[in-house]
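# Working through the structure, step by step
Given next are the chains, with one letter for each unit.
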Amino acid sequence: MKKNHSIMDVVTIGFALFSMFFGAGNVIFPPYLGLQSGRQWFAGFSAYYIADVALALVALFALLREGNSHRVMERLGKKAALFLLTVIILCIGPMLAIPRTAATTYEMGIAQLIPGLSPIVFSALFFALILALSIRESAVIDIIGKFLTPALLLGLAVLIVIGVAHPLGEIHEVVQVDNVIVNGIQAGYQTMDVLAALVFGAVLIKSATDKGYEEKKARMNVLVKSALLAGLLLLLVYLGLAYLGATVSKLYPVDISRAELVIAIVQSLLGKPGLIIFALVVALACVTTAVALVSSAANHFADLCKGKVSYQIFVIIICVFSAVVSNLGLDTIVSIAAPILGIVYPPVLVLVIVSLAAPKMTNSICISAVIGATITSVLSTLDGFGLSMPWLRYLPLSNVDMAWVLPALIFGVAAFLYRLPWQEKTVDD
(Lines give C-alpha, C1' and ligand atoms only; values in the text may rest on other atoms or scores of the structure.)
Protein backbone atom coordinates (compact mmCIF):
# COMPACT_ATOMS: atom_id res chain seq x y z
CA MET A 1 0.00 0.00 0.00
CA LYS A 2 2.85 2.36 0.92
CA LYS A 3 4.60 1.53 -2.38
CA ASN A 4 1.52 2.46 -4.41
CA HIS A 5 1.11 5.58 -2.32
CA SER A 6 4.74 6.53 -3.04
CA ILE A 7 4.36 6.00 -6.81
CA MET A 8 1.24 8.17 -6.89
CA ASP A 9 3.03 10.89 -4.93
CA VAL A 10 6.01 10.77 -7.32
CA VAL A 11 3.66 11.16 -10.31
CA THR A 12 1.66 14.00 -8.72
CA ILE A 13 4.73 15.98 -7.60
CA GLY A 14 6.62 15.21 -10.83
CA PHE A 15 3.71 16.39 -12.97
CA ALA A 16 3.43 19.54 -10.87
CA LEU A 17 7.15 20.30 -11.21
CA PHE A 18 6.93 19.83 -14.98
CA SER A 19 4.14 22.40 -15.16
CA MET A 20 5.99 24.82 -12.90
CA PHE A 21 8.95 24.90 -15.29
CA PHE A 22 6.90 24.70 -18.47
CA GLY A 23 5.73 28.28 -18.86
CA ALA A 24 4.46 29.83 -22.06
CA GLY A 25 7.98 30.79 -23.13
CA ASN A 26 8.82 27.11 -23.21
CA VAL A 27 6.01 26.55 -25.71
CA ILE A 28 7.34 29.02 -28.25
CA PHE A 29 11.12 28.73 -27.98
CA PRO A 30 11.98 25.10 -28.99
CA PRO A 31 10.21 25.31 -32.39
CA TYR A 32 12.19 28.44 -33.23
CA LEU A 33 15.40 26.68 -32.20
CA GLY A 34 14.52 23.83 -34.58
CA LEU A 35 13.80 26.31 -37.38
CA GLN A 36 17.20 27.99 -36.93
CA SER A 37 19.19 24.76 -36.63
CA GLY A 38 17.78 22.88 -39.65
CA ARG A 39 19.49 19.50 -40.04
CA GLN A 40 21.42 20.12 -36.80
CA TRP A 41 18.24 20.63 -34.79
CA PHE A 42 18.98 17.78 -32.38
CA ALA A 43 22.40 19.21 -31.46
CA GLY A 44 20.85 22.63 -30.84
CA PHE A 45 18.05 21.09 -28.79
CA SER A 46 20.53 19.06 -26.69
CA ALA A 47 22.58 22.15 -25.84
CA TYR A 48 19.41 24.02 -24.88
CA TYR A 49 18.14 21.18 -22.70
CA ILE A 50 21.44 20.87 -20.82
CA ALA A 51 21.75 24.62 -20.24
CA ASP A 52 18.12 24.93 -19.14
CA VAL A 53 16.68 21.80 -17.55
CA ALA A 54 19.94 20.16 -16.43
CA LEU A 55 21.08 23.33 -14.63
CA ALA A 56 17.63 23.74 -13.07
CA LEU A 57 17.71 20.14 -11.78
CA VAL A 58 21.20 20.72 -10.37
CA ALA A 59 19.81 23.71 -8.46
CA LEU A 60 16.86 21.65 -7.25
CA PHE A 61 19.08 18.79 -6.06
CA ALA A 62 21.33 21.30 -4.25
CA LEU A 63 18.27 22.71 -2.50
CA LEU A 64 17.01 19.24 -1.55
CA ARG A 65 20.45 18.32 -0.16
CA GLU A 66 20.61 21.47 1.96
CA GLY A 67 16.93 21.34 2.99
CA ASN A 68 15.87 24.82 1.86
CA SER A 69 16.88 27.80 -0.27
CA HIS A 70 18.27 29.71 2.70
CA ARG A 71 20.84 27.00 3.38
CA VAL A 72 22.07 27.17 -0.23
CA MET A 73 22.78 30.89 0.17
CA GLU A 74 23.81 31.11 3.82
CA ARG A 75 27.50 31.01 2.94
CA LEU A 76 27.09 34.72 2.24
CA GLY A 77 25.79 35.29 5.77
CA LYS A 78 22.19 35.07 6.93
CA LYS A 79 21.23 38.67 6.16
CA ALA A 80 22.83 38.65 2.71
CA ALA A 81 21.24 35.27 1.94
CA LEU A 82 17.80 36.52 2.95
CA PHE A 83 18.23 39.68 0.88
CA LEU A 84 19.36 37.72 -2.20
CA LEU A 85 16.51 35.22 -1.93
CA THR A 86 13.96 38.04 -1.51
CA VAL A 87 15.31 39.81 -4.61
CA ILE A 88 15.02 36.55 -6.58
CA ILE A 89 11.44 35.96 -5.43
CA LEU A 90 10.41 39.54 -6.23
CA CYS A 91 11.96 39.39 -9.70
CA ILE A 92 10.63 36.01 -10.81
CA GLY A 93 7.45 36.55 -8.83
CA PRO A 94 5.20 39.63 -8.69
CA MET A 95 7.67 41.95 -10.50
CA LEU A 96 8.13 39.84 -13.62
CA ALA A 97 7.13 36.23 -14.07
CA ILE A 98 3.68 36.26 -12.45
CA PRO A 99 2.40 39.35 -14.34
CA ARG A 100 3.99 37.98 -17.53
CA THR A 101 1.87 34.82 -17.32
CA ALA A 102 -1.31 36.90 -17.60
CA ALA A 103 0.08 39.15 -20.33
CA THR A 104 1.27 36.16 -22.37
CA THR A 105 -2.04 34.31 -22.02
CA TYR A 106 -3.90 37.38 -23.22
CA GLU A 107 -1.61 38.24 -26.16
CA MET A 108 -1.05 34.69 -27.47
CA GLY A 109 -4.42 33.14 -26.76
CA ILE A 110 -7.35 35.21 -25.58
CA ALA A 111 -6.79 38.20 -27.87
CA GLN A 112 -7.04 35.89 -30.90
CA LEU A 113 -10.16 34.10 -29.72
CA ILE A 114 -11.96 37.07 -28.13
CA PRO A 115 -10.53 40.21 -29.80
CA GLY A 116 -12.84 42.64 -28.00
CA LEU A 117 -12.02 41.55 -24.44
CA SER A 118 -10.28 44.27 -22.44
CA PRO A 119 -6.84 43.28 -21.05
CA ILE A 120 -7.82 44.90 -17.74
CA VAL A 121 -10.93 42.72 -17.46
CA PHE A 122 -8.94 39.66 -18.48
CA SER A 123 -6.19 40.27 -15.90
CA ALA A 124 -8.84 40.59 -13.18
CA LEU A 125 -10.44 37.28 -14.23
CA PHE A 126 -7.06 35.56 -14.64
CA PHE A 127 -5.83 36.46 -11.17
CA ALA A 128 -9.19 35.66 -9.58
CA LEU A 129 -8.63 32.12 -10.90
CA ILE A 130 -5.01 32.09 -9.65
CA LEU A 131 -6.21 33.30 -6.25
CA ALA A 132 -8.78 30.51 -6.04
CA LEU A 133 -6.20 27.86 -6.96
CA SER A 134 -3.46 29.19 -4.66
CA ILE A 135 -5.37 30.15 -1.52
CA ARG A 136 -5.09 26.68 0.05
CA GLU A 137 -1.35 26.25 0.52
CA SER A 138 -1.37 22.48 1.03
CA ALA A 139 -3.49 21.88 -2.08
CA VAL A 140 -1.32 23.69 -4.64
CA ILE A 141 0.79 20.72 -5.73
CA ASP A 142 -2.22 18.39 -5.91
CA ILE A 143 -4.23 20.88 -8.00
CA ILE A 144 -1.38 21.32 -10.47
CA GLY A 145 -0.20 17.70 -10.54
CA LYS A 146 -3.53 15.90 -10.60
CA PHE A 147 -5.68 18.20 -12.71
CA LEU A 148 -3.88 20.94 -14.65
CA THR A 149 -0.79 19.04 -15.84
CA PRO A 150 -2.63 16.10 -17.43
CA ALA A 151 -4.71 18.58 -19.46
CA LEU A 152 -1.56 20.48 -20.47
CA LEU A 153 0.24 17.28 -21.48
CA LEU A 154 -2.78 16.10 -23.48
CA GLY A 155 -2.87 19.31 -25.52
CA LEU A 156 0.88 19.15 -26.17
CA ALA A 157 0.71 15.44 -27.05
CA VAL A 158 -2.00 16.05 -29.68
CA LEU A 159 0.11 18.73 -31.35
CA ILE A 160 3.41 16.80 -31.22
CA VAL A 161 2.07 13.37 -32.25
CA ILE A 162 0.25 14.78 -35.30
CA GLY A 163 3.32 16.82 -36.23
CA VAL A 164 5.62 13.79 -36.00
CA ALA A 165 3.21 11.50 -37.87
CA HIS A 166 2.55 14.05 -40.62
CA PRO A 167 5.60 16.36 -40.96
CA LEU A 168 4.80 19.69 -42.54
CA GLY A 169 7.93 19.66 -44.69
CA GLU A 170 11.47 18.45 -45.15
CA ILE A 171 14.19 19.52 -42.73
CA HIS A 172 16.42 22.17 -44.30
CA GLU A 173 20.04 21.20 -44.96
CA VAL A 174 21.10 24.79 -44.34
CA VAL A 175 21.88 25.82 -40.75
CA GLN A 176 20.79 29.43 -40.23
CA VAL A 177 22.94 30.25 -37.17
CA ASP A 178 26.72 30.40 -36.84
CA ASN A 179 26.93 27.74 -34.13
CA VAL A 180 23.91 25.68 -33.05
CA ILE A 181 25.60 24.55 -29.80
CA VAL A 182 26.37 28.10 -28.71
CA ASN A 183 22.89 29.21 -29.80
CA GLY A 184 21.24 26.43 -27.77
CA ILE A 185 23.37 27.05 -24.66
CA GLN A 186 22.72 30.76 -24.78
CA ALA A 187 18.97 30.28 -25.07
CA GLY A 188 18.83 27.69 -22.29
CA TYR A 189 21.03 29.73 -19.96
CA GLN A 190 18.91 32.85 -20.46
CA THR A 191 15.73 31.08 -19.29
CA MET A 192 17.14 31.41 -15.74
CA ASP A 193 15.17 28.38 -14.56
CA VAL A 194 17.79 27.89 -11.84
CA LEU A 195 16.18 30.78 -9.96
CA ALA A 196 12.75 29.20 -10.39
CA ALA A 197 14.07 25.87 -9.05
CA LEU A 198 15.22 27.56 -5.84
CA VAL A 199 11.79 29.13 -5.41
CA PHE A 200 9.73 26.05 -6.30
CA GLY A 201 11.79 23.80 -4.05
CA ALA A 202 10.19 25.11 -0.87
CA VAL A 203 6.70 24.29 -2.17
CA LEU A 204 7.80 20.78 -3.19
CA ILE A 205 9.39 20.06 0.20
CA LYS A 206 6.27 21.26 2.03
CA SER A 207 4.05 19.15 -0.22
CA ALA A 208 6.14 16.01 0.41
CA THR A 209 6.13 16.70 4.16
CA ASP A 210 2.33 17.15 4.15
CA LYS A 211 2.02 13.80 2.36
CA GLY A 212 3.78 12.09 5.29
CA TYR A 213 7.43 12.15 4.19
CA GLU A 214 8.74 13.76 7.37
CA GLU A 215 12.13 12.00 7.45
CA LYS A 216 14.75 13.67 5.26
CA LYS A 217 15.80 10.43 3.52
CA ALA A 218 12.24 9.45 2.53
CA ARG A 219 11.43 13.00 1.45
CA MET A 220 14.63 13.22 -0.58
CA ASN A 221 13.83 9.89 -2.25
CA VAL A 222 10.35 10.87 -3.44
CA LEU A 223 11.41 14.37 -4.54
CA VAL A 224 14.45 13.20 -6.52
CA LYS A 225 12.26 10.67 -8.36
CA SER A 226 9.69 13.41 -9.00
CA ALA A 227 12.38 15.74 -10.36
CA LEU A 228 13.69 13.03 -12.70
CA LEU A 229 10.14 12.40 -13.96
CA ALA A 230 9.69 16.13 -14.61
CA GLY A 231 13.03 16.19 -16.42
CA LEU A 232 11.95 13.28 -18.63
CA LEU A 233 8.62 14.94 -19.50
CA LEU A 234 10.40 18.18 -20.36
CA LEU A 235 12.84 16.21 -22.53
CA LEU A 236 10.02 14.61 -24.54
CA VAL A 237 8.03 17.84 -24.96
CA TYR A 238 11.03 20.01 -25.87
CA LEU A 239 12.29 17.35 -28.27
CA GLY A 240 8.92 17.16 -30.02
CA LEU A 241 8.52 20.93 -30.28
CA ALA A 242 12.07 21.37 -31.62
CA TYR A 243 11.39 18.71 -34.25
CA LEU A 244 8.20 20.50 -35.34
CA GLY A 245 10.25 23.63 -35.87
CA ALA A 246 12.84 21.72 -37.91
CA THR A 247 10.13 20.33 -40.22
CA VAL A 248 9.17 23.86 -41.29
CA SER A 249 12.73 25.15 -41.65
CA LYS A 250 12.25 25.36 -45.44
CA LEU A 251 8.86 27.05 -45.15
CA TYR A 252 9.46 30.07 -42.93
CA PRO A 253 12.26 32.66 -42.66
CA VAL A 254 14.27 33.09 -39.45
CA ASP A 255 12.93 36.63 -39.03
CA ILE A 256 9.47 35.24 -38.21
CA SER A 257 8.58 35.83 -34.55
CA ARG A 258 8.52 32.86 -32.23
CA ALA A 259 4.82 33.29 -31.48
CA GLU A 260 3.92 33.61 -35.17
CA LEU A 261 5.92 30.46 -35.94
CA VAL A 262 4.09 28.35 -33.36
CA ILE A 263 0.70 29.71 -34.43
CA ALA A 264 1.54 28.92 -38.07
CA ILE A 265 2.60 25.35 -37.15
CA VAL A 266 -0.54 24.78 -35.09
CA GLN A 267 -2.85 26.12 -37.80
CA SER A 268 -1.13 24.05 -40.50
CA LEU A 269 -1.42 20.84 -38.46
CA LEU A 270 -4.84 21.27 -36.88
CA GLY A 271 -6.58 24.08 -38.77
CA LYS A 272 -8.50 26.82 -37.02
CA PRO A 273 -9.69 24.47 -34.24
CA GLY A 274 -5.99 23.99 -33.47
CA LEU A 275 -5.75 27.64 -32.46
CA ILE A 276 -8.27 26.92 -29.71
CA ILE A 277 -6.13 23.98 -28.55
CA PHE A 278 -3.03 26.18 -28.65
CA ALA A 279 -4.78 28.93 -26.66
CA LEU A 280 -5.72 26.33 -24.03
CA VAL A 281 -2.14 24.96 -23.92
CA VAL A 282 -0.73 28.47 -23.43
CA ALA A 283 -3.35 29.27 -20.79
CA LEU A 284 -2.66 26.04 -18.88
CA ALA A 285 1.10 26.56 -19.05
CA CYS A 286 0.69 30.09 -17.71
CA VAL A 287 -1.82 29.15 -15.02
CA THR A 288 0.31 26.32 -13.63
CA THR A 289 3.40 28.53 -13.51
CA ALA A 290 1.48 31.42 -11.95
CA VAL A 291 -0.05 29.20 -9.24
CA ALA A 292 3.38 27.82 -8.33
CA LEU A 293 5.01 31.25 -8.23
CA VAL A 294 2.22 32.88 -6.22
CA SER A 295 2.29 30.06 -3.70
CA SER A 296 6.10 30.14 -3.44
CA ALA A 297 6.26 33.91 -3.03
CA ALA A 298 3.46 33.97 -0.46
CA ASN A 299 5.17 31.20 1.45
CA HIS A 300 8.43 33.15 1.55
CA PHE A 301 6.90 36.40 2.76
CA ALA A 302 4.73 34.64 5.35
CA ASP A 303 7.86 32.98 6.77
CA LEU A 304 9.65 36.35 6.65
CA CYS A 305 6.89 37.85 8.81
CA LYS A 306 7.07 34.85 11.18
CA GLY A 307 3.34 34.24 10.94
CA LYS A 308 2.25 37.80 11.75
CA VAL A 309 0.78 38.06 8.25
CA SER A 310 -0.80 34.87 6.93
CA TYR A 311 -0.04 32.99 3.73
CA GLN A 312 -3.56 33.72 2.46
CA ILE A 313 -3.15 37.50 2.90
CA PHE A 314 0.07 37.44 0.90
CA VAL A 315 -1.61 35.41 -1.86
CA ILE A 316 -4.25 38.14 -2.16
CA ILE A 317 -1.65 40.96 -2.13
CA ILE A 318 0.52 39.25 -4.77
CA CYS A 319 -2.45 38.51 -7.05
CA VAL A 320 -3.74 42.11 -6.87
CA PHE A 321 -0.24 43.58 -7.41
CA SER A 322 0.46 41.20 -10.31
CA ALA A 323 -2.87 42.03 -11.95
CA VAL A 324 -1.93 45.72 -11.96
CA VAL A 325 1.62 45.14 -13.23
CA SER A 326 0.45 42.78 -15.99
CA ASN A 327 -1.31 45.71 -17.68
CA LEU A 328 1.97 47.57 -18.14
CA GLY A 329 2.78 45.23 -21.05
CA LEU A 330 5.43 42.59 -21.58
CA ASP A 331 8.14 44.92 -22.85
CA THR A 332 7.94 47.24 -19.85
CA ILE A 333 7.89 44.36 -17.36
CA VAL A 334 10.94 42.70 -18.90
CA SER A 335 12.90 45.96 -19.25
CA ILE A 336 12.52 46.65 -15.52
CA ALA A 337 13.44 43.22 -14.17
CA ALA A 338 15.85 41.82 -16.80
CA PRO A 339 18.99 43.71 -15.69
CA ILE A 340 18.39 42.75 -12.06
CA LEU A 341 18.06 39.09 -13.04
CA GLY A 342 21.22 39.35 -15.14
CA ILE A 343 23.16 40.51 -12.09
CA VAL A 344 21.62 38.04 -9.65
CA TYR A 345 21.84 34.86 -11.75
CA PRO A 346 25.66 34.29 -11.85
CA PRO A 347 26.28 34.51 -8.06
CA VAL A 348 23.31 32.21 -7.46
CA LEU A 349 24.78 29.67 -9.90
CA VAL A 350 28.08 29.78 -7.99
CA LEU A 351 26.26 29.08 -4.71
CA VAL A 352 24.28 26.24 -6.26
CA ILE A 353 27.37 24.55 -7.73
CA VAL A 354 29.29 24.88 -4.46
CA SER A 355 26.38 23.49 -2.41
CA LEU A 356 26.09 20.41 -4.60
CA ALA A 357 29.68 19.73 -5.70
CA ALA A 358 31.79 21.12 -2.85
CA PRO A 359 29.66 21.42 0.31
CA LYS A 360 32.72 21.49 2.59
CA MET A 361 34.27 24.48 0.82
CA THR A 362 35.09 27.27 3.28
CA ASN A 363 32.99 30.41 3.24
CA SER A 364 35.91 32.67 2.29
CA ILE A 365 36.49 30.80 -0.98
CA CYS A 366 32.79 30.68 -1.83
CA ILE A 367 32.22 34.35 -1.01
CA SER A 368 35.23 35.36 -3.10
CA ALA A 369 33.94 33.36 -6.08
CA VAL A 370 30.53 35.02 -5.65
CA ILE A 371 32.20 38.45 -5.59
CA GLY A 372 34.07 37.67 -8.82
CA ALA A 373 30.88 36.49 -10.52
CA THR A 374 28.87 39.47 -9.26
CA ILE A 375 31.42 42.09 -10.36
CA THR A 376 31.54 40.56 -13.84
CA SER A 377 27.75 40.31 -14.12
CA VAL A 378 27.37 43.98 -13.08
CA LEU A 379 29.96 45.06 -15.65
CA SER A 380 28.32 42.90 -18.35
CA THR A 381 24.93 44.45 -17.58
CA LEU A 382 26.41 47.96 -17.80
CA ASP A 383 28.07 46.99 -21.09
CA GLY A 384 24.69 45.90 -22.40
CA PHE A 385 23.24 49.31 -21.49
CA GLY A 386 25.80 51.24 -23.51
CA LEU A 387 28.78 51.64 -21.15
CA SER A 388 31.16 49.94 -23.57
CA MET A 389 33.65 47.48 -22.12
CA PRO A 390 34.87 45.49 -25.14
CA TRP A 391 37.45 43.58 -23.10
CA LEU A 392 34.60 41.56 -21.58
CA ARG A 393 34.13 39.85 -24.95
CA TYR A 394 37.60 38.30 -24.64
CA LEU A 395 36.64 36.38 -21.52
CA PRO A 396 35.92 32.65 -22.09
CA LEU A 397 32.22 31.82 -22.55
CA SER A 398 31.28 35.48 -23.02
CA ASN A 399 29.44 34.49 -26.21
CA VAL A 400 26.95 32.51 -24.10
CA ASP A 401 26.58 35.18 -21.38
CA MET A 402 28.87 33.28 -19.01
CA ALA A 403 31.84 35.64 -18.91
CA TRP A 404 31.61 35.48 -15.11
CA VAL A 405 32.95 31.91 -14.90
CA LEU A 406 36.68 32.72 -15.18
CA PRO A 407 36.58 35.70 -12.75
CA ALA A 408 34.68 33.55 -10.24
CA LEU A 409 37.39 30.87 -10.49
CA ILE A 410 40.19 33.44 -10.18
CA PHE A 411 38.65 35.07 -7.10
CA GLY A 412 38.02 31.66 -5.51
CA VAL A 413 41.57 30.46 -6.13
CA ALA A 414 42.92 33.76 -4.75
CA ALA A 415 40.97 33.23 -1.53
CA PHE A 416 42.31 29.69 -1.27
CA LEU A 417 45.93 30.76 -1.80
CA TYR A 418 46.01 33.93 0.27
CA ARG A 419 43.48 33.14 3.00
CA LEU A 420 41.43 36.29 2.89
CA PRO A 421 40.77 37.76 6.38
CA TRP A 422 37.33 36.61 7.28
CA GLN A 423 36.14 33.77 9.42
CA GLU A 424 36.86 30.34 7.99
CA LYS A 425 33.89 28.08 8.44
CA THR A 426 31.45 26.00 6.43
CA VAL A 427 27.67 26.06 6.53
CA ASP A 428 27.71 22.77 8.40
CA ASP A 429 29.84 24.19 11.25
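Structure report, in brief. (Residues numbered from 1 in each chain as written. Predicted model: local features only at pLDDT ≥ 70, side-chain atom pairs only at ≥ 80, totals over all residues. Heavy atoms only, no water.)

Moving on to the packing of aromatic side chains. Following the criterion strictly, the structure yields 12 aromatic pairs and no others. On the basis of an interplanar angle of 85° and a centroid distance of 5.9 Å, the ring pair of Trp-41 and Phe-42 is categorised as edge-to-face. Looking at Phe-42, the relative accessible area reads 47%, which means it is partly exposed. Members of the aromatic cluster, joined through ring pairs, are Phe-18, Phe-22, Phe-29, Tyr-48 and Tyr-238. (Phe/Tyr/Trp six-rings, centres within 6.5 Å; stacked < 30°, edge-to-face > 60°. Buried < 20%, exposed > 50% of the residue type's maximum accessible area, 1.4 Å probe, protein only.)

So, about the environment of Leu-232. Within the fold, Leu-232 resides in helix α11 (residues 216–247). Its relative accessible area of 44% is what places Leu-232 among the partly exposed residues. Measuring from C-alpha to C-alpha, the distance between Leu-232 and Glu-107 comes to 29 Å, with 125 residues separating the pair along the chain. (Helix = DSSP H or I, 4+ residues; strand = E, 2+ residues; numbered from the N terminus.)

Axis separation between helix α5 (residues 78–92) and helix α12 (residues 258–304) bottoms out at 10 Å; the angle between their running directions is 150°. Helix-helix and strand crossings are classified by hand; for α5 and α12 the assignment is left-handed. Contacts from Leu-82, Leu-85, Thr-86, Ile-89, Leu-90 and Ile-92 in α5 reach Leu-293, Ala-297, His-300, Phe-301 and Leu-304 in α12. For the contact of α5 with α12, the per-class residue count stands at 9 nonpolar, 2 polar and no charged. (Axes fitted to C-alpha atoms, helices over the stretch in contact; angles between N-to-C directions. Left-handed = near helix turned anticlockwise from the far one by under 90°. Contact = heavy atoms within 4.5 Å. Nonpolar A, V, L, I, M, F, W, Y, C, P; charged D, E, K, R; others polar.)

Under the definition given, this model contains 5 salt bridges. Here Arg-39 ties to Glu-173 by a salt bridge, and the two come within 3.7 Å at their closest N and O atoms. Residue Arg-39 is located in the loop between α2 (24–37) and α3 (41–66), and its partner Glu-173 is located in the loop between α8 (140–165) and α9 (180–190); the two are separated by 134 residues in the primary sequence. For Glu-173, a relative accessible area of 55% corresponds to the exposed category. In this structure, Glu-66 and Arg-65 form a salt bridge, with 3.5 Å as the shortest nitrogen-oxygen distance. A residue is classified by how much of its surface remains accessible, and Glu-66, at 10% relative accessible area, is buried. Since its relative accessible area comes to 30%, Arg-65 is described here as partly exposed. It is possible to trace a salt-bridge network through shared partners that takes in Arg-65, Glu-66 and Arg-71. (Salt bridge = Lys/Arg side-chain N within 4 Å of Asp/Glu carboxyl O.)

So, on to the side chain of Arg-75. Relative to the helices and strands, Arg-75 is located in the loop between α4 (69–73) and α5. Of the side chains with opposite charge, Glu-66 comes closest to the buried, unpaired Arg-75, at an N-O distance of 4.5 Å. Among the polar contacts made by the side chain of Arg-75, one reaches the main-chain carbonyl oxygen of Met-361 at a distance of 2.9 Å. (Lys, Arg positive; Asp, Glu negative; His and termini not counted. Polar contact = N/O pair within 3.5 Å; in protein donor to acceptor, adjacent residues only side chain to side chain.)

So, to be careful, I would describe these as geometric facts and stop short of saying anything about function.
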